[in-house]
Amino acid sequence: MEADPRLGKWEGLGLLSPPSIMNRLQALVKRALGPEEGHLQAKFSAHSIKIGGIDYWNETSIKNFLASKSSLSSASLRDEVSPILFEVLQYLGSFPFRENCGDSKLAAITCDELLRATFWLLPGKAQKGTGAGILGDDIYMRARSAADQRRLLFESLANTNKEFRFNVEEEKRVAAAKAREVDEHLLDMALTNYDEEDEMYHDVLDVLSYIQESFQKENEAPCRRDDFRSIASQLHKPASLRRLAISRHRLKTLVKFLLAEHMKPETTSQTVELENVADSLVNAFSQSSEPTSVITWQKFDEAVTKKAPFIFSSLYRIFNSLLTSADHQNDDYEAFTQPPLSPNYLLSPNTLSQLSFLLDSTASFETAPLLYQFNKSQSTPVADAVFEINLALKSLSGPSDFKILLISGQEKLTSETFVFGAFIKDLAEDLEIVDLADKTYERSFLFQISPTHDVFRSSISNKAWTLNESLCFGKNDSGFSMRLDSDLSRLHVSHKLVGEGVYQSTKWRGEWGMVLDIDKIEVWGE
């Protein structure tokens with residue numbers, strides 16, 4: 001099919017040049033955000049600096065903005081995280097042409113760039129603001145997916161560009177599935193954005209299709225999205241999503257800030273513990289504990305979607321405040337409320353912050369007491385201790401009730417400390433795991449807190465645990481399982497890739513097992 005003849009005319013008039021495209025994209029963003037733009041302009045002015053008579057934000061502006069919006073808990077981390085967040089904003093503010101500090105002569109962003117960056121950063125804004133369209137059999141605007149938002153966040157954090165091995169056909173299959181992460185009524189407009197070109201090219205193509213209305217005549221039919229491909233090829237800078245990666249140190253710096261920000265009331269984070277919890281989370285992203293490991297797009301999205309889906313909630317809460325009045329409270333990104341907790345508990349403030357990256361609103365710990373505690377250094381367990389734990393876990397009486405089991409111990413061969421646990425909620429009377437009507441909530445699962453953050457989700461119609469002489473979660477010959485000896489002396493852990501399993505294993509971690517000499521056990525819940 002021949003290309004639309006209007007394209008040559010628009011190109012000759014300069015309507016498809018980068019400056020023209022950005023001006024029209026800016027107009028689209030302003031329309032989408034409406035009165036929210038005024039709130040951002042006011043907050044931009046409050047922290048702006050003048051360069052050549054023009055107002056800008058630089059790294060100091062970001063630091064001052066964080067001081068006004070972030071908690072005291074993260075105060076000591078602002079200096080280190082501010083340059084990272086500035087680069088995130090600079091990258092997204094130049095989207096889809098993607099500049100970062102290395103490309104720009106001026107390490108500063110305008111109010112317009114901040115507005116666009118916020119639009120692309122916050123979940124749902126671009127999905128709703130760009131729209132989607134189909135005319136007959138032709139899609140002229142592709143619906144943006146939730147995965148597109150996560151990907152742009154990854155790209156803006158990436159600071160490594162090198163060759164990585166990957167299976168092209170598998171990546172295309174996964175990309176096609178991610179493109180369908182849209183509302184049901186938009187599925188007909190959910191095109192894959194990885195074909196002979198990758199997602200970064202398709203972003204340019206998408207923007208061209210979004211802005212075409214601004215230079216069409218009234219009642220004129222839109223151009224097909226594919227008609228813009230040759231122009232997108234000219235505008236797209238040579239770049240590949242699957243060459244990008246985030247360094248471990250860079251992500252850890254951000255994760256420490258997010259851990260400190262995710263809790264209320266504000267507490268003083270224990271520095272050593274904060275470092276350890278951040279390392280554990282970053283291990284899940286990098287799929288390694290090596291200091292030189294990096295996080296590719298595939299690893300990043302697997303961790304965000306499967307292991308820590310709410311890890312960036314505090315980042316979104318902070319930047320969403322740019323678009324709202326001072327007294328506005330956005331429940332979507334509300335900080336997680338915690339009870340008074342001692343750092344000596346297994347469920348310490350930082351550990352609860354880590355778990356909340358997974359649980360979010362599934363469980364509230366405000367009134368969740370400590371139901372059972374064993375500390376090897378302070379006492380010996382009674383003969384029927386495992387039955388006490390069983391009873392504590394079973395005592396679920398309402399739809400909001402839940403239990404958290406935490407077990408800490410040292411691996412017999414290396415003496416390294418590991419922490420595993422179970423989240424128990426919404427079971428049938430016979431302890432069978434049931435499906436939940438509301439998929440935004442988590443059903444019962446097992447997890448690992450350290451030294452690698454991991455989640456082992458459950459399969460329905462299986463018992464969450466069984467009790468004979470030992471307390472057993474899962475089946476030893478399939479999936480992930482753990483068995484607590486009746487005298488609480490040891491925890492036997494098994495991670496198998498074969499079989500369905502009551503609890504699903506994590507493929508990249510391979511097959512392994514260990515025996516822990518237990519030092520602490522806690523059960524919390526309501």
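Refer to the structure presented above.
Rules and cut-offs
Residues numbered from 1 in each chain as written. Predicted model: local features only at pLDDT ≥ 70, side-chain atom pairs only at ≥ 80, totals over all residues. Heavy atoms only, no water. Helix = DSSP H or I, 4+ residues; strand = E, 2+ residues; numbered from the N terminus. Buried < 20%, exposed > 50% of the residue type's maximum accessible area, 1.4 Å probe, protein only. Contact = heavy atoms within 4.5 Å. Areas by Shrake-Rupley, 256 points an atom, 1.4 Å probe, with all protein chains shown as cover. Lys, Arg positive; Asp, Glu negative; His and termini not counted. Charge placed at Lys NZ, Arg CZ, Asp CG, Glu CD. Pairing = 2+ DSSP bridges. Axes fitted to C-alpha atoms, helices over the stretch in contact; angles between N-to-C directions. Parallel < 35°, antiparallel > 145°, perpendicular 65-115°, else oblique. Left-handed = near helix turned anticlockwise from the far one by under 90°. Nonpolar A, V, L, I, M, F, W, Y, C, P; charged D, E, K, R; others polar. Core = buried A, V, L, I, M, F, W, Y, C linked by side-chain atoms within 4.5 Å. Polar contact = N/O pair within 3.5 Å; in protein donor to acceptor, adjacent residues only side chain to side chain. Salt bridge = Lys/Arg side-chain N within 4 Å of Asp/Glu carboxyl O.

1. Digging into the overall build of the chain
Alright, step 1. Summing up its helical and strand segments, the chain has 17 helices and 19 strands in all.
Alright, step 2. Dimensions along the principal axes, computed over C-alpha positions, put the chain at roughly 85 × 50 × 45 Å.
Alright, step 3. Looking at the chain as a whole, 55% of its 526 residues are labelled buried.
Alright, step 4. Considering only contacts in the chain between residues 6 or more positions apart, those separated by 24 or more positions represent 70%.
Alright, step 5. Of the accessible surface of the chain, which amounts to about 22900 Å², a share of 49% is contributed by carbon and sulfur atoms.
Alright, step 6. The averaged location of the 75 negative side-chain charges in the chain is 3 Å from the averaged location of its 57 positive side-chain charges.

2. With respect to the sheet that holds strand β8 (residues 294–296)
Alright, step 1. Strand order in the open sheet made by the three strands is β5-β6-β8, with antiparallel pairing throughout. Each edge of the open sheet carries a strand with a single partner, namely β5 (160–161) and β8.
Alright, step 2. Relative to β8, strand β6 (residues 244–247) runs antiparallel, the two sharing three bridges. By the bridge assignment for β8, A245 is matched with T296.
Alright, step 3. The sheet strands contacting helix α12 (residues 248–261) are β6 and β8, and the helix crosses β6 at an angle near 60 degrees.

3. Considerations on the pairing of strand β11 (residues 403–411)
Every other side chain in a regular strand lies on the same face of the sheet, so the side chains alternate between the two faces.
Alright, step 1. Counting buried positions over the nine residues of β11 gives eight, a clear majority of the element.
Alright, step 2. Note that β11 and strand β12 (residues 417–424) share eight bridges and pair antiparallel. Bridge pairing in β12 places K403 opposite I424.
Alright, step 3. Where β11 folds back on β12, the antiparallel hairpin that results is connected by five residues, among which S415 adopts a positive phi of roughly 65 degrees.
Alright, step 4. In the sheet, β11 pairs with strand β19 (residues 512–525) via nine bridges, with the strands oriented antiparallel. Paired with I407 across the two strands is I521, which belongs to β19.

4. Points about the packing of helix α8 (residues 146–157) against helix α14 (residues 297–307)
Alright, step 1. One way to put it is that α8 packs onto α14 with a least axis distance of 10 Å and a crossing angle of 125 degrees. Put simply, α8 runs oblique to α14. As α8 packs across α14, the resulting crossing turns out to be right-handed. Note on element contacts: α14 touches α8 through W297, F300, D301, V304 and T305, opposite A147, R150, R151, L153, F154 and L157.
Alright, step 2. Here the residues of the contact of α8 with α14 are counted per class, giving seven nonpolar, one polar and three charged.

5. Focus: the nonpolar core
Alright, step 1. Membership of the largest hydrophobic core comes to 88 residues, with the highest contact counts inside it found for L208, F300, F312 and F319.
Alright, step 2. Contact partners of F300, with chain neighbours within four places excluded, come to R150, L153, F154, L157, I246, F285, I295 and F312.
Alright, step 3. F374, L393, A422 and F480 belong to the second-largest nonpolar core, a separate cluster that totals 36 residues.

6. Details of unusual backbone geometry
The phi torsion of most residues other than glycine is negative, and most of the peptide bonds are trans.
Alright, step 1. The step from F95 to P96 runs through a cis peptide bond, and the omega angle for that step is 10 degrees.
Alright, step 2. Inspection of the secondary structure assignment puts P96 in the loop between α5 (78–93) and α6 (111–121).
Alright, step 3. The peptide bond linking S450 to P451 adopts the cis configuration, its omega dihedral lying at 0 degrees.
Alright, step 4. Counting through the fold element by element, P451 comes out in the loop between β13 (445–450) and β14 (454–457).
Alright, step 5. Phi angles above zero are rare outside glycine, and Q287 is one such case at about 55 degrees.
Alright, step 6. Along the chain, Q287 falls in the loop between α13 (271–286) and β8.
Alright, step 7. One non-glycine residue, S415, lies in the positive phi region at around 65 degrees.

7. Considerations on the packing of helix α2 (residues 18–33) against α6
Alright, step 1. Relative to each other, α2 and α6 sit at 60 degrees, their axes nearing to 10 Å. Relative to α6, the crossing made by α2 is left-handed. Between α2 and α6, the residues in contact are M22, L25, Q26, L28, V29, K30, A32 and L33 and D112, L115, R116, F119 and W120, respectively.
Alright, step 2. The residue inventory of the contact of α2 with α6, partitioned by class, reads nine nonpolar, one polar and three charged.

8. Describing the side chain of S481
Alright, step 1. Within the secondary structure layout, S481 lies in strand β17 (residues 478–484).
Alright, step 2. Owing to a relative accessible area of 4%, S481 belongs among the buried residues under this scheme.
Alright, step 3. A distance of 3.5 Å separates the side chain of S481 from the backbone oxygen of K475, its partner in a polar contact.
Alright, step 4. Aside from chain neighbours lying at most four places away, what touches S481 is F473, G474, K475, N476, H492, V493 and S494.

9. Description of the pattern of salt bridges
Alright, step 1. All chains considered together, the criterion is met by 40 salt bridges.
Alright, step 2. Here D203 ties to R144 by a salt bridge, and the two come within 3.2 Å at their closest N and O atoms. Within this pair, whereas D203 is found in helix α10 (residues 199–211), its partner R144 is found in the loop between β4 (138–141) and α8, the two being separated by 59 residues in sequence. The exposure classification of D203 matches that of R144, with both residues buried.
Alright, step 3. Among the salt bridges present, the one from D454 reaches K307, with a minimum N-O distance of 2.8 Å. Here D454, found in strand β14, pairs with K307, found in helix α14; they are 147 residues apart in sequence, far enough to count as distant. In this pair, the class of D454 matches that of K307, namely buried.
Alright, step 4. Each of R98, R142, R144, D148, R151, E155, D203, D206 and R225 takes part in a single network of salt bridges with overlapping partners.

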